Amino acid sequence: GAVVSQHPSRVICKSGTSVKIECRSLDFQATTMFWYRQFPKQSLMLMATSNEGSKATYEQGVEKDKFLINHASLTLSTLTVASAHPEDSSFYICSARDATNEKLFFGSGTQLSVL
Amino acid sequence: KQEVTQIPAALSVPEGENLVLNCSFTDSAIYNLQWFRQDPGKGLTSLLLIQSSQREQTSGRLNASLDKSSGRSTLYIAASQPGDSATYLCAVTGVGGNNRLAFGKGNQVVVIP
């Protein structure tokens, strides 16, 4: 089946550090990728939608200058958490929509801990 | 705004019993509905996708039904196994310009050996 690779799986960093998370669709082209945030025992919350070659669309309340999204190719999107603070600690998950069948495939997630 | 509710939030069943997980959504104008499985600290695995024009989808021991007009979907897992223990998430995709995915909070399932 289709695979989405998300790296790194875990990041522990100091406050003020910028963290980049990569999301790759390995065997399909994804014109659209999504970034989610999940707090413990809560549902996924959509942060932004990124379309290849264009600017990401951010959900209300999500700071675009804090969460920088780049979708430079049909198989790669990156999320950079700029100057991370402890309140940014969370589980971040990406997903990619297979253009041929509309199915969504998810990465394995990145647990970010900001000290 | 689409609201997705999953009931029950958590349940435990003995091995071998059938599981019934419910999902309801407030806006029936959906493109599709998808059921996912999430293991602790992991990403999501897609289980079944039902297009808005379909009534159900089946894969092995899993069967998902969709009643779009009443805003409901049910995931059935037959003859549950301990390996089925996980959180099951229901998500709907809106139509047209509202193609975002709206998730429920999940059904946390424990299958007792």
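Scroll up a little and you will see the structure.
Described in the following lines is the structure provided in the data block. (Residues numbered from 1 in each chain as written. Chains lettered and ligands numbered in written order. Predicted model: local features only at pLDDT ≥ 70, side-chain atom pairs only at ≥ 80, totals over all residues. Heavy atoms only, no water.)

Within the structure shown, the criterion is met by four salt bridges over all chains. Close ionic contact of K66 of chain A with D88 of chain A constitutes a salt bridge, the shortest N to O distance being 2.8 Å. Of this pair, K66 of chain A sits in the loop between β6 (57–58) and β7 (67–73) while D88 of chain A sits in the loop between β8 (76–81) and β9 (90–98), and the two are 22 residues apart along the sequence. Like K66 of chain A, the residue D88 of chain A is buried in the burial classification. A salt bridge links D84 of chain B to R61 of chain B; the nearest nitrogen and oxygen atoms lie 2.9 Å apart. (Salt bridge = Lys/Arg side-chain N within 4 Å of Asp/Glu carboxyl O. Helix = DSSP H or I, 4+ residues; strand = E, 2+ residues; numbered from the N terminus. Buried < 20%, exposed > 50% of the residue type's maximum accessible area, 1.4 Å probe, protein only.)

All names here are of chain A. Looking at where T100 falls in the secondary structure, it is placed in the loop between β9 and β10 (104–106). Counting along the chain gives 79 residues from T100 to I21, while the straight-line C-alpha distance between them is 25 Å. At a separation of 2.7 Å, a polar atom in the side chain of T100 contacts the side chain of D98. (Polar contact = N/O pair within 3.5 Å; in protein donor to acceptor, adjacent residues only side chain to side chain.)

Right, let's talk about the environment of V92 of chain B for a bit. Residues and elements named next belong to chain B. Structurally, V92 can be placed in strand β9 (residues 86–94). Counting along the chain gives 51 residues from V92 to G41, while the straight-line C-alpha distance between them is 22 Å. With residues up to four places along the chain from it excluded, the contact list for V92 reads Q2, V4, F25, I30, N32, L33, R100, L101 and A102. (Contact = heavy atoms within 4.5 Å.)

Here the focus is the interface of chain B and chain A. The interface of chain B with chain A comprises 20 residues on the first partner and 18 residues on the second. With both chains or domains summed, chain B and chain A bury close to 1,500 Å², and 55% of this area falls on carbon and sulfur atoms. Our count for the chain B to chain A interface comes out at zero salt bridges. On the surface where chain B and chain A come into contact, there are one residue pair in polar contact (both at pLDDT 80 or more). At the level of secondary structure, the elements contributing two or more residues to the side of chain B that touches chain A comprise β4 (30–38), β5 (44–51), β9 and β10 (101–103) of chain B. Sorting elements by how many residues they give to the side of chain B that touches chain A places β4 of chain B first, with five residues. Its residues placed into classes, the side of chain B that touches chain A shows seven nonpolar, ten polar and three charged. (Buried area = accessible area lost by both parts, 1.4 Å probe. Nonpolar A, V, L, I, M, F, W, Y, C, P; charged D, E, K, R; others polar.)

Take the state of the cysteines next. A complete count under the given rule lists two disulfides over all chains for this structure. The side chain of C23 of chain A participates in a disulfide bridge whose partner is C94 of chain A; the two sulfur atoms lie 2.0 Å from each other. Residues C23 of chain A and C94 of chain A are joined through a disulfide that is right-handed, its torsion about the S-S bond being 80 degrees. Separated by 71 residues along the polypeptide, C23 of chain A in strand β3 (residues 19–25) and C94 of chain A in strand β9 bring together distant segments of the chain. The disulfide that involves C23 of chain B links it to C90 of chain B, with 2.0 Å between the sulfurs. One disulfide, between C23 of chain B and C90 of chain B, carries an S-S torsion of -60 degrees and so falls in the left-handed class. Separated by 67 residues along the polypeptide, C23 of chain B in strand β3 (residues 19–25) and C90 of chain B in strand β9 bring together distant segments of the chain. Accessibility assignment for this pair places C23 of chain B and C90 of chain B in one class, buried. C13 of chain A forms no disulfide, and the closest cysteine sulfur to it belongs to C94 of chain A, at a distance of 18 Å. Residue classification places C13 of chain A among the buried residues on the basis of a relative accessible area of 8%. (Disulfide = S-S within 2.5 Å.)

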